[in-house]
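Listed below are the residues making up each chain.
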Amino acid sequence: MIALPPYAAALGARLECDEAGAPLLVLPFGAPVLGRPGFLHGGAIAGLLEVAAIAALAHVLEREGGGRIKPINVTVDYQRGGRDRVTYAASVVTRLGNRIANVEATAWQDDRAKPIAAARLNYLIER
């Protein structure tokens, strides 16, 4: 089982698996993630995307014997406001080298085809 960073618990996010067995983050709406009334805070969205990326990368690394993950860079593109409902996030490892990994993360609410935000993340891997 993948251990999530403590920030996931602070957000109230929980780890589930999608139909393919890949990590899926679920974030209920509540006081810890509230921005302006009725909307998610942008920092909570960015944090959710980062936790989803870490979960996906850890999932892939677990099959290769593990490794430590250190962030290099995070770029978040906000696409629409997150409303007062459950938010989901999933990630895909687009490149896994010996020392560097690239990950793309997406957050959505009602429809996965209409994301509220996306991120590109780069990680240093210590094997």
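What you see as residue numbers is a count from 1 along each chain, following the sequence as written. A pLDDT threshold of at least 70 governs which residues receive local features in this predicted model, and a stricter bar of 80 or more applies before side-chain atom pairs are shown or counted, although totals over entire chains, interfaces and linings include all residues. The side-chain values count all of the structure's non-hydrogen atoms but skip hydrogen atoms and water molecules.

Undergrad: Tell me about the pattern of salt bridges, and name the residues and values.
TA: Salt bridges are defined as contacts in which a side-chain nitrogen from Lys or Arg sits within 4 Å of a carboxyl oxygen from Asp or Glu. A full pass over the atoms with the stated rule returns six salt bridges. Of the charged contacts in the structure, one is a salt bridge between E126 and K70, with a shortest N-O distance of 3.3 Å. Placement of E126 in strand β6 (residues 117-126) and of K70 in strand β3 (residues 68-78) is noted, with a sequence separation of 56 residues between them. Buried residues are those whose accessible area, probed at 1.4 Å on protein chains only, stays under 20% of the maximum for their type, while exposed residues exceed 50% and partly exposed ones sit between those limits. Judged by its relative accessible area of 29%, E126 falls in the partly exposed class. The residue R85 makes a salt bridge to D110 at a minimum N-O spacing of 3.5 Å. Taken together, the positions of R85 in the loop between β3 and β4 (87-96) and D110 in the loop between β5 (100-108) and β6 put the pair 25 residues apart, joining distant regions of the chain. Its relative accessible area of 65% is what places D110 among the exposed residues. Residues joined in a network through salt bridges with shared partners are R68, K70 and E126. Counting from the N terminus, the helices are the DSSP runs of H or I reaching at least four residues and the strands are the DSSP runs of E reaching at least two.

Undergrad: Which residues make up the sheet that holds strand β1 (residues 14-17), and what values go with them?
TA: Here, a strand pair is defined by DSSP locating no fewer than two bridges between the strands. Strand order in the open sheet formed by six strands is β1-β2-β4-β5-β6-β3, with antiparallel pairing between adjacent strands. A strand with exactly one partner marks an edge of an open sheet, and here the two such strands are β1 and β3. Looking at each pair of strands side by side, their axes are set apart by 25° on average, direction ignored. The pairing of β5 with β6 spans eight bridges and is antiparallel. Axis definition: a line fitted to C-alpha atoms, limited for helices to the stretch in contact. Angles are taken between N-to-C directions and run from 0 to 180 degrees.

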